[in-house]
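Here are the chains, one letter per residue:
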Amino acid sequence: MTPGEPEPGSGAPASELEAARQRADALRTLIRHHNHRYYVLDDPQVPDAEYDRLVRELQDLESRYPDLVTPDSPTQRVGAAPRPEFTQVRHRVAMISLDNAMDDGALAEFHRRVASALPGSDEWVFTAEPKLDGLAVSIRYEGGLLVQAATRGDGTTGEDITANVRTIQNVPLRLLGSDWPAVLEVRGEVYLPHAGFERLNAQAAARGDKTFANPRNAAAGSLRQLDPRITAARPLRFCCYGWGEIAADPGESQFAMLQRIAGWGVPVSRELCQVTGLPGTRDYFDDLGRRRDALGYDIDGVVFKLDRLPDQVALGATAHHPRWAIARKFPAQEALTVVEAVEFQVGRTGAVTPVARLAPVSVGGVTVANATLHNLDEVERKDVRIGDTVYVRRAGDVIPEIVRVLPELRPADARAVVLPAACPVCGSDVIRPEGEAVARCSGGLYCPAQRKEAIRHFASRKAMDIEGLGEKLIDQLVERELVREPADLYRLTQGQFAGLERMGEKSAANLIAALEQSKETSFARFIFALGIREVGVATAAALAARFDSLEALMAAREQDFLRTSGLRGVGPKAAAAVQSWLLEHPDAQAAGDLGEWLMAQRIPGLNRAAAVALGRGCETLERLRAAAPEDLYGNSAALVEGVGPVVAAHLVGFFAQAHNREAIERLIAAGIRWPLRSAPSAAQAQPLAGKTFVITGTLGRARDAVKAELESLGAKVTGSVSKNTDYLLAGVEAGSKLAKAQELKVAVITEQQLAQLIGRS
Ligand code: IVH
């Protein structure tokens with residue numbers, strides 16, 4: 001309870017009245033402030049639900065203590081004053097608001113009121129349609145032509161927004177047919193569908209402009225643009241739900257009249273229908289609630305209107321709202337709260353995710369105390385800091401998330417969110433590869449957070465294929481601490497299995513047998529089963545084929561997985577730029593340091609770093625001229641299919657950790673084995689050992705792949721033909737290198753001949 005708030009039932013009446021007066025004053029000041037932000041600045045500080053709560057609290061106080069009502073209380077008018085920039089429009093039929101039913105009881109109360117005012121049947125027919133979350137407008141047609149459009153304003157006087165409304169694609173400028181009344185004001189909501197909202201915000205973000213908090217604010221901002229060309233660029237939509245002045249008899253039924261309006265080309269809701277009695281209204285509300293997220297536009301409730309127009313007239317209206325209609329509101333999906341802390345959680349795959357701990361707040365009837373921040377990119381993009389006031393949103397079953405920070409409410413001591421260096425669960429290093437949003441714990445098998453996942457992966461069909469060891473069982477084994485790492489599986493007894501839920505003696509015996517059977521495996525399966533990041537079935541097979549033993553694989557360094565060539569700091573574009581410049585300047589002579597000289601030539605596309613690297617790498621202009629492009633730019637070729645620089649780093653990193661090596665030792669000690677490959681003879685393994693190759697022209701495969709294959713067979717691949725070259729592998733359009741090879745009598749072979757040479761065909 002906030003200070004100054006009256007405590008129900010406590011204190012003498014006089015002090016109670018005084019407390020209520022103070023609270024009402026405080027509420028009025030707050031509401032006026034928010035009105036200004038909302039209606040004048042189009043930049044609300046609090047979610048609508050928060051605002052509504054304040055207004056309801058004030059209404060409540062004023063109805064309990066009518067003496068407290070002041071003529072200037074925000075409850076005494078509807079909407080806000082029109083802005084002076086727009087011409088004012090007086091509504092000939094007032095645009096009144098709707099009464100709200102926040103829960104089922106209030107809806108039932110509405111039905112009782114209708115029934116007591118219109119005795120007779122209790123099977124009242126209502127029109128039912130979504131309560132669109134946009135802005136109310138009135139559009140006036142005379143002689144079938146759109147002549148004026150206005151905002152609701154204070155209900156009596158609005159703003160002339162004709163030019164803006166004329167830009168809304170689904171608003172007809174001329175009514176269809178000819179049976180329309182000479183004067184017709186259609187009333188409805190202007191809104192922004194989700195797709196349009198996202199597009200608009202993406203464009204704003206790309207320009208570095210402020211983004212809109214929600215579609216409603218975006219629609220409001222768009223509609224009240226003084227320049228209608230800006231409005232025209234915004235994908236607004238209109239939906240009609242009623243009418244104002246009308247120079248004809250609207251007939252007997254709200255539903256039928258809306259159908260006629262639709263026939264004149266004015267959009268009405270696709271969800272519009274007729275329902276009967278309290279059960280009909282409840283069913284419609286529940287149904288639309290379930291479909292709410294799939295509608296593609298924001299709604300904040302459902303509107304029910306007594307269908308028979310004579311009944312509407314009989315019931316009439318208060319100063320604020322009709323007695324024949326009610327808005328049954330959905331619980332709000334957004335609320336305002338404070339980020340008290342940001343903690344990091346480790347997911348089952350090792351992803352380290354920031355989670356905001358919030359001051360608990362009720363959102364849509366559920367208390368929310370945590371919100372996901374997804375990853376650090378998200379934290380940076382939204383600029384969330386500890387201490388910040390934020391909007392949280394909960395939609396359907398989705399985990400609550402932080403929509404936006406209110407920077408104007410940021411305290412001076414707000415703290416930035418920092419990624420921990422060590423995993424909060426196991427203490428292993430947390431690694432966030434450059435350019436990636438997701439940070440991960442490097443603990444792998446060792447990290448308790450990843451245990452279940454590691455064991456599930458280990459037992460899976462393509463890994464150790466332990467039949468019958470499913471997810472539920474693994475959960476139990478880990479939760480009862482019977483298993484901490486894969487090797488523990490092989491120590492379990494039949495009795496231990498039989499003690500688990502839904503496990504009989506028979507299935508326990510089967511499991512023991514399946515575990516025993518799984519010990520006999522293949523090297524590839526074993527590598528895959530270790531769950532090394534980025535090492536899938538195919539890569540595991542390629543590694544098993546390349547390395548003779550587990551020891552060799554564990555001892556491998558990056559250079560055993562990758563051959564890196566060329567010069568660091570030189571990209572393919574810089575290499576191409578230099579080479580084409582050299583071709584255009586065949587007579588150029590370098591003097592002094594090659595790198596400096598290259599810089600001085602001001603070669604387009606060559607920066608300083610690349611020039612320096614080329615200078616260091618080639619030393620002389622002659623060598624630079626003779627080099628093949630792939631010898632110049634930094635490049636790495638996989639020696640094992642599927643193992644690029646990232647996978648190589650994961651492999652080396654995994655085996656470098658003592659706890660992983662120890663876990664592997666325990667698996668081997670448990671009896672896991674695989675048939676040894678018969679060691680290939682040196683000649684078999686390296687048929688091209690000692691041979692030097694040069695590649696030229698366009699090949700049938702990527703040049704890097706061919707190069708890697710040659711190297712894996714023991715060959716050396718260089719960039720230029722010399723008397724030391726054994727073979728020139730020539731593809732299509734071989735040029736100067738072919739001539740040079742012929743001159744030096746170097747063997748020239750095609751790709752097919754190479755295949756024969758290495759016994760691949
Ligand atoms: S009927 C006399 N129907 O809600 C009845 N209003 O809270 C006037 N709204 O100002 C309103 N969808 O901006 C009606 N299907 C709907 C609506 C709807 C959204 C808005 C409208 C109105 C406000 C009242």
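For the structure itself, consult the block above.
The following refers to the structure shown. (Residues numbered from 1 in each chain as written. Predicted model: local features only at pLDDT ≥ 70, side-chain atom pairs only at ≥ 80, totals over all residues. Heavy atoms only, no water.)

Considerations on the overall build of the protein chain
Along the protein chain, the regular secondary structure elements total 31 helices and 24 strands. Scaling as 2.2 N^0.38, a compact globule of 761 residues should have a C-alpha radius of gyration of about 27 Å, whereas the protein chain reaches 37 Å, well beyond that. Structurally, the protein chain occupies a C-alpha span of about 105 × 80 × 55 Å along its principal axes. For the protein chain, buried positions account for 47% of its 761 residues. Of the roughly 37,700 Å² that the protein chain leaves accessible, carbon and sulfur atoms contribute 51%. (Helix = DSSP H or I, 4+ residues; strand = E, 2+ residues; numbered from the N terminus. Rg over C-alpha atoms; globule rule 2.2 N^0.38 Å. Buried < 20%, exposed > 50% of the residue type's maximum accessible area, 1.4 Å probe, protein only. Areas by Shrake-Rupley, 256 points an atom, 1.4 Å probe, with all protein chains shown as cover.)

Observations concerning the packing of aromatic side chains
Taken as a whole, this structure holds 11 aromatic pairs when the rule is applied. With centroids separated by 6.0 Å and ring planes inclined at 50 degrees, the aromatic side chains of phenylalanine 110 and phenylalanine 126 adopt a geometry described as tilted. With phenylalanine 110 in helix α3 (residues 104–117) and phenylalanine 126 in strand β3 (residues 125–132), this pair connects stretches of sequence that are 16 residues apart. As far as burial versus exposure is concerned, phenylalanine 110 and phenylalanine 126 are alike and both buried. (Phe/Tyr/Trp six-rings, centres within 6.5 Å; stacked < 30°, edge-to-face > 60°.)

Focus: empty space enclosed by the protein
Over the atoms rolls a probe the size of a water molecule, and in doing so it shows where empty space is left. Tallied over the full model, the rule gives 3 cavities of 30 Å³ or more. Approximately 70 Å³ is the volume found for the largest cavity. Lining of the largest cavity is provided by Val89, Arg90, His91, Arg92, Ser138, Arg140, Gln148, Ala149, Ala150 and Glu185. Among the secondary structure elements, those contributing two or more residues to the lining of the largest cavity are β1 (88–90), β4 (135–142) and β5 (145–151). Counting residues per element, the lining of the largest cavity draws most heavily on β5, which supplies 3 residues. Residue composition of the lining of the largest cavity, by class: 3 nonpolar, 3 polar and 4 charged. (1 Å grid on protein atoms, 1.4 Å probe; cavity = no way out; pocket = protein on both sides within 12 Å on 5 of 7 lines; lining within 4 Å. Points joined across faces, edges and corners; volume = space filled by probe spheres on them. Nonpolar A, V, L, I, M, F, W, Y, C, P; charged D, E, K, R; others polar.)

A word on unusual backbone geometry
Of all residues except glycine, most have a negative phi; of all peptide bonds, most are trans. Despite not being glycine, glutamate 481 shows a phi value in the positive range, around 55 degrees. Summarising the element assignment, glutamate 481 is placed in the loop between α13 (471–479) and α14 (486–489). The phi torsion at arginine 602 lies on the positive side, around 50 degrees, for a residue other than glycine. Among the residues examined, arginine 602 registers a relative accessible area of 72% and is labelled exposed.

Topic: the side chain of threonine 389
Considering the arrangement of structural elements, one finds threonine 389 in strand β15 (residues 389–393). The class for threonine 389 is buried, based on a relative accessible area of 12%. What threonine 389 contacts, discounting residues up to four positions off in sequence, is Leu336, Thr337, Val338, Arg404, Val405, Leu406 and Leu409. (Contact = heavy atoms within 4.5 Å.)

Concerning the packing of helix α12 (residues 451–459) against α13
The description of two packed helices rests on the angle between their axes and on the distance between the axes. Relative orientation of the contacting elements α12 and α13 amounts to 135 degrees, with a least axis distance of 10 Å. With respect to each other, α12 and α13 are oriented oblique. Both α12 and α13 take part in a crossing whose hand is right-handed. For the pair α12 and α13, the contacting residues are Arg451, Lys452, Ile455 and Arg456 in the first and Glu471, Ile474, Asp475, Val478 and Glu479 in the second. (Axes fitted to C-alpha atoms, helices over the stretch in contact; angles between N-to-C directions. Parallel < 35°, antiparallel > 145°, perpendicular 65-115°, else oblique. Left-handed = near helix turned anticlockwise from the far one by under 90°.)

Regarding the pairing of β15
Most of β15 sits inside the fold, with 4 of its 5 residues counted as buried. Of the pairings in the sheet, the one linking β15 to strand β16 (residues 401–405) comprises 4 bridges and is antiparallel in character. Bridge pairing in β16 links valine 392 to isoleucine 402. (Pairing = 2+ DSSP bridges.)

Focus on the site of the ligand
The full set close to the ligand counts 14 residues, and Lys131, Leu132, Arg152, Glu189 and Tyr241 are the nearest of them. A distance of 3.1 Å is found between a nitrogen atom of the ligand and a backbone nitrogen or oxygen belonging to proline 130. For the ligand, an oxygen atom lies 3.4 Å from a polar atom in the side chain of tyrosine 241. Here the ligand, which alone exposes 520 Å², has 87% of that area covered by the protein. Of all the secondary-structure elements, those providing two or more residues to the shell around the ligand are β3 and β10 (299–306). At 4 residues, β3 tops the list of elements feeding residues into the shell around the ligand. Of the residues contributing to the shell around the ligand, the split by class is 8 nonpolar, 1 polar and 5 charged. (Near = heavy atom within 4 Å. Polar contact = N/O pair within 3.5 Å; in protein donor to acceptor, adjacent residues only side chain to side chain.)

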